[in-house]
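# Chains, contacts and geometry: an overview
The primary structure of each chain is shown beneath.
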Amino acid sequence: MRWRSVWPSRACSGAGRLGGLGWRELVMTSSRMLGAARPAAKRRSRICIEAASGRCRRSSLRAGRAADAAAAALAGAQELPGPPPGPAQRLRTLPHRSPVSRPMPTALSFPPTLPDRPAGFVRGASCDLPTAAGRFRLHAVVDARGREHAALSLGALDPGTPVLVRLHSECLSGDAFGSLKCDCGPQLHRALQHLAEAGAGVLLYLRQEGRGIGLVDKVRAYALQDQGADTVEANRRLGLPDDARDYAAAADLLRALGVQRVRLLTHNPAKVQGLQAAGITVVERLPLRAGSHPGNQGYLRTKTLRMGHWPDLLDGALRPGRWQTVEDA
Ligand SMILES: Nc1nc2c(ncn2[C@@H]2O[C@H](COP(=O)(O)OP(=O)(O)OP(=O)(O)O)[C@@H](O)[C@H]2O)c(=O)[nH]1
Ligand SMILES: [Zn+2]
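Residues numbered from 1 in each chain as written. Chains lettered and ligands numbered in written order. Predicted model: local features only at pLDDT ≥ 70, side-chain atom pairs only at ≥ 80, totals over all residues. Heavy atoms only, no water.

## Some points on the UniProt feature "active site" (unreviewed entry) in the chain
In the numbering adopted here, UniProt assigns the feature "active site" (unreviewed entry) to Asp-243 and Arg-245. In the annotated set above, the residues contributing to the lining of the largest cavity are Arg-245. Turning to its location among the elements, Asp-243 is positioned in the loop between α5 (231-237) and α6 (248-256). Leave out the neighbours within four places in its chain, and Asp-243 touches Arg-211, Asn-268 and Met-307. Mapped onto the elements of the fold, Arg-245 is located in the loop between α5 and α6. For Arg-245, the residues in contact, after removing those within four places along its chain, are Ser-169, Gln-208, Arg-211, Gly-212, Asn-268 and Lys-271. Looking at Arg-245, its side chain comes within polar contact range of the side chain of Ser-169, at 2.8 Å. (UniProt positions renumbered as here; feature names shortened; annotations may be inferred. 1 Å grid on protein atoms, 1.4 Å probe; cavity = no way out; pocket = protein on both sides within 12 Å on 5 of 7 lines; lining within 4 Å. Helix = DSSP H or I, 4+ residues; strand = E, 2+ residues; numbered from the N terminus. Contact = heavy atoms within 4.5 Å. Polar contact = N/O pair within 3.5 Å; in protein donor to acceptor, adjacent residues only side chain to side chain.)

This is the structure we're talking about:
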């Protein structure tokens, strides 16, 4: 079944308490296509938002868009006091339908906006950015070295709640040109989908092309790979480090967005260590498998075998007889 339109044609909201937590409830009516031959049918959907974190408990609407629509409709909804929680208590929907013009409570004070000079950067700015994956906030900064970094955020970013984060390093060939040599482009888009499904999170887009060596040197390394070198060997033959990235700007950007604790989508232990060293708490590391295909298996294997990346990068690849595990190598 495919959604033709998930934007609510009518929305109302209320608030209640569930299990000691404050919840907002949004009831939406949206159009649903039941099939090409059948007319659009109306469907009422219910979405619950945790007041403290802005996390979305989803209904049957597609997750990212549901969260988006909920956030938009709730932007002016007012926090209402609920009764003390009791064991038999269920979500209580208040009977009124609130207009969206009410003042926004601080607990749901999203979307975040960077100041003109965020700490650690010389400039910063934010705007809305609708994407194929969902409606994000785009944040741009310039660091002290003149590098421009970006972040996409979605939903409420509560400093007390671990936020789903993807730390992406620029890869022009993969991100923009669809290179099949690496997995960067598919990972970028899969990460945005994960954030949209979670209803909240941050994708950092760091200008660390070629693991920090820059585009020209990455192309020189690729030329050596054309002659048979692997990704590590090629860098070494050029007298370049295997990996020249650092994660201070990533940590500064997270802090500027109000994020202190993260659930990090990565297979690279250096990203976890780099963020931790820069003062961000990584409470969980999650795999981000995307873009694995026969043509980039050598590249993915080299990352796990020579660069120490977690082997769950190899999507379904650790089946006996098919690939070597790290221990086998
Ligand atoms: N120098 C060099 N850089 C590469 C090569 N292939 C990809 N890159 C760069 O590597 C960066 C992505 O890093 P990866 O090592 O693929 O993966 P990662 O982001 O560290 O790890 P994950 O978080 O698990 O995705 C991007 O900046 C790419 O431009 C290569 O062969 N040589
Ligand atoms: Zn790449």
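Let's pick the thread back up.
## Regarding the site of ligand 1
Within the structure, ligand 1 sits among 23 residues, and Arg-166, Glu-170, Thr-266, Lys-271 and Tyr-299 are positioned closest to it. Within the backbone of Gln-208, one N or O atom sits 3.2 Å away from an oxygen atom of ligand 1. Within the complex, the protein chains bury 99% of what would otherwise be the 650 Å² of accessible surface of ligand 1. Comparing atom positions with the cavity grids shows ligand 1 to sit within the largest cavity. (Near = heavy atom within 4 Å. Areas by Shrake-Rupley, 256 points an atom, 1.4 Å probe, with all protein chains shown as cover. Sits in = over half its atoms within 2 Å of the grid points.)

## Remarks on the coordination of the zinc ion (ligand 2)
Distances from the zinc ion (ligand 2) to its protein donors, namely Cys-171 (SG), Cys-182 (SG) and Cys-184 (SG), fall within the range 2.1 to 2.2 Å. Counting the intervening residues between successive donors of the zinc ion (ligand 2) yields the motif C-x10-C-x1-C. Just as Cys-182 is buried, Cys-184 falls in that class too. (Donors = N, O, S within 2.8 Å, 3.2 Å for Na, K, Ca; no water. Buried < 20%, exposed > 50% of the residue type's maximum accessible area, 1.4 Å probe, protein only.)

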